[in-house]
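# An overview of the molecular structure
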Amino acid sequence: IKVKRVPDLIVFATLSPIMFVLLFRYVFGGAIKIPNYQDFLMPGIFVQTAAFGSVGTAIGMAEDLQKGLIERFRALPMARSAVLVGRALADLCRGVLVIAIMTAVGFAVGFRPNTGPLSYIAAVAVILLFLHAVSWGFSLIGLVAPNSETAQVMAFPILFPLTFASTAFVTTHTMPGWLQPFANNQPLSKVINAVRDLMLGGASTSEVLAALAWCVGILAVLAPLAVHRYRRTA
């Protein structure tokens with residue numbers, strides 16, 4: 001309902017990843033020696049879009065606290081986790097729409113997945129699971145931050161190292177030796193590798209299992225922490 005009434009939310013959610021696609025495809029792509037670079041690029045863009053989109057969870061949660069909406073919920077006969085679950089599921093639905101838009105953008109710049117529709121749907125499912133998991137982490141940031149501006153400032157120092165020191169835009173063998181172990185094994189890289197294998201083919205079983213393990217682990221740790229913090233706050 002909110003997206004319908006405020007369509008700018010979708011515009012801003014897709015504007016940044018579209019700019020990244022165009023920048024890396026047509027500006028940096030010629031200097032990056034990876035065959036069919038648009039195919040390599042798009043799985044990284046999908047996961048980056050999911051991660052960056054989750055910042056809205058932190059901002060929205062902080063705004064709800066600022067505006068007193070959480071105080072109103074305290075008087076209702078509802079589970080304390082319901083607010084967090086509702087926001088996480090709403091962000092998940094918005095993520096489906098954003099991924100659909102980014103898929104169209106990918107096809108426009110030459111992206112061609114070659115593993116079939118079922119594998120593509122499986123890749124999207126992995127992206128959405130990752131989005132749902134990190135949304136709980138950003139909910140926690142939103143509950144800790146004193147206002148929405150601080151929540152945004154707190155989120156990006158976490159996202160930028162994970163995004164750019166990953167397999168999203170380049171292969172890790174071009175990075176310094178001391179950085180490669182982190183870049184190869186951090187959660188964004190594992191999810192990107194799984195999505196890339198599912199969309200383009202490869203030894204996907206181990207990568208998918210690693211990505212799922214990261215998603216489940218993040219969810220298992222951060223969801224209880226967010227609910228605990230919400231109970232203390234509300």
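Please refer to the structure higher up on the page.
These figures come from a predicted structure and were not determined experimentally.

## Brief notes about the overall build of the protein
- If you tally the helices and strands in the protein, you get eleven helices and zero strands.
- Starting at the N terminus, the α and β elements of the protein follow one another as α-α-α-α-α-α-α-α-α-α-α.
- With respect to the principal axes defined by its C-alpha atoms, the protein has extents near 60 × 40 × 35 Å.
- Relative to its 234 residues, the protein shows a buried fraction of 47%.
- Of all intrachain contacts in the protein linking residues separated by at least 6 positions in sequence, the fraction that spans at least 24 positions is 77%.
- Each charge class in the protein can be summarised by its mean position, and for the 17 positive and 9 negative side chains these summaries are 4 Å apart.

## Some details on helix α4 (residues 55–67)
- Here α4 contains 13 residues, and its C-alpha end-to-end distance of 18 Å stays within 8% of the 18 Å for a straight helix at 1.5 Å per residue.
- Residues of α4 that are buried: Val 55, Thr 57, Ala 58, Gly 60, Met 61, Ala 62 and Asp 64.
- Tucked into the core, α4 has its buried residues touching α3 (37–53), α5 (69–74), α6 (82–108), α7 (117–144) and α8 (148–164).
- Of the residues flanking the end of α4, it is Gly 68, one or two places downstream, whose phi is positive at about 85°.

## Overview of the side chain of Ser 54
- Relative to the assigned elements, Ser 54 resides in the loop between α3 and α4.
- The class of Ser 54 is buried, set by a relative accessible area of 1%.
- Here Ser 54 is in contact with Leu 131, Val 134, Ser 135 and Phe 138, once residues within four sequence places are set aside.

## A closer look at the packing of aromatic side chains
- Within this structure, the stated rule accounts for 13 aromatic pairs.
- Seen in terms of ring centroids, Tyr 37 and Phe 40 are 6.1 Å apart; in terms of plane orientation they differ by 25°. Their pairing is stacked. With a gap of three residues between them, Tyr 37 and Phe 40 both fall in helix α3, about one helical turn apart. Both residues of the pair, Tyr 37 and Phe 40, count as buried.
- Ring plane angle 70° and centroid distance 6.1 Å describe the contact between Phe 107 and Phe 111, whose orientation is recorded as edge-to-face.
- Assessed through its relative accessible area of 37%, Phe 107 is described here as partly exposed.
- The class of Phe 111 is buried, set by a relative accessible area of 0%.
- Members of the aromatic cluster, connected to one another through ring pairs, are Phe 20, Phe 24, Phe 28, Phe 52, Phe 156, Phe 160, Phe 164 and Phe 169.

## Looking at a nonpolar patch on the surface
- A cluster of nonpolar residues, Leu 22, Leu 23, Tyr 26, Val 27 and Phe 28, forms a patch on the protein surface that exposes about 460 Å² of accessible area.
- Residue placement: Leu 22 occurs in helix α2 (residues 8–28).

## Some points on the packing of α3 against α8
- One can describe the packing of α3 onto α8 by two numbers: an axis separation of 10 Å at closest approach and a directional angle of 170°. Our classification of the angle between α3 and α8 gives roughly antiparallel. Along the contact surface, α3 presents Gln 48, Ala 51 and Phe 52, while α8 presents Phe 156, Leu 159, Phe 160 and Thr 163.
- Among the residues making up the contact of α3 with α8, the classes are represented as five nonpolar, two polar and no charged.

## Here's the deal with the side chain of Gln 48
- With respect to the helices, strands and loops of the structure, Gln 48 is situated in helix α3.
- The class of Gln 48 is buried, set by a relative accessible area of 3%.
- When near neighbours in sequence (up to four residues on either side) are disregarded, Gln 48 contacts Phe 20, Thr 163 and Phe 169.

## Description of the state of the cysteines
- Evaluated as defined, the whole model comprises zero disulfides.
- Between Cys 93, a free cysteine, and Cys 215, which holds the nearest cysteine sulfur, the sulfur-to-sulfur gap is 17 Å.

Reading guide: rules and limits
Position numbers for residues start from 1 in each chain and track the written sequence from start to end. Under the rules for a predicted model, residues below a pLDDT of 70 receive no local features and side-chain atom pairs below 80 are neither given nor counted, while totals for whole chains, interfaces and linings still include all residues. Side-chain metrics rest on all non-hydrogen atoms present in the structure, leaving aside hydrogens and water. Here a helix means four or more residues in a row that DSSP labels H or I, a strand means two or more in a row labelled E, and each is numbered from the N terminus. Each residue is assigned to one of three classes by its accessible area relative to the maximum for its type, calculated with a 1.4 Å probe on protein chains only: buried under 20%, partly exposed between the two thresholds, exposed over 50%. Residues are treated as being in contact if the distance between any of their heavy atoms lies within 4.5 Å. Note that His is not counted, nor are the chain ends; the positive residues are Lys and Arg, and the negative ones are Asp and Glu. Positions of charges follow a simple convention, taking NZ of Lys, CZ of Arg, CG of Asp or CD of Glu. Between the first and last residue of a helix there are one fewer steps than residues, each counted as 1.5 Å, and that sum is the expected span. Note on ring pairs: Phe, Tyr and Trp rings are taken, using the six-membered ring of Trp, and paired if centres are within 6.5 Å. Classes follow the plane angle, with under 30 degrees stacked, over 60 edge-to-face and the rest tilted. Patch membership requires more than 30% relative accessible area and the absence of a salt bridge. Residues of like charge join within 9 Å; the nonpolar side chains Val, Leu, Ile, Met, Phe, Trp and Tyr join within 5 Å. Computed by Shrake-Rupley with a 1.4 Å probe, the accessible areas treat only the displayed protein chains as cover when residues are assessed. A pair is scored as a salt bridge if a Lys or Arg side-chain nitrogen falls within 4 Å of a carboxyl oxygen belonging to Asp or Glu. Here an axis means a line fitted to C-alpha atoms, over the contact stretch when the element is a helix, while the angle between two N-to-C directions is reported on a 0 to 180 degree scale. Angular relationships are summarised with four words: roughly parallel below 35 degrees, roughly antiparallel beyond 145, roughly perpendicular across 65 to 115, and oblique for the angles in between. Note on residue categories: nonpolar means Ala, Val, Leu, Ile, Met, Phe, Trp, Tyr, Cys or Pro, charged means Asp, Glu, Lys or Arg, and polar means any other residue, Gly included. What counts as a disulfide here is a pair of cysteine sulfur atoms lying within 2.5 Å.

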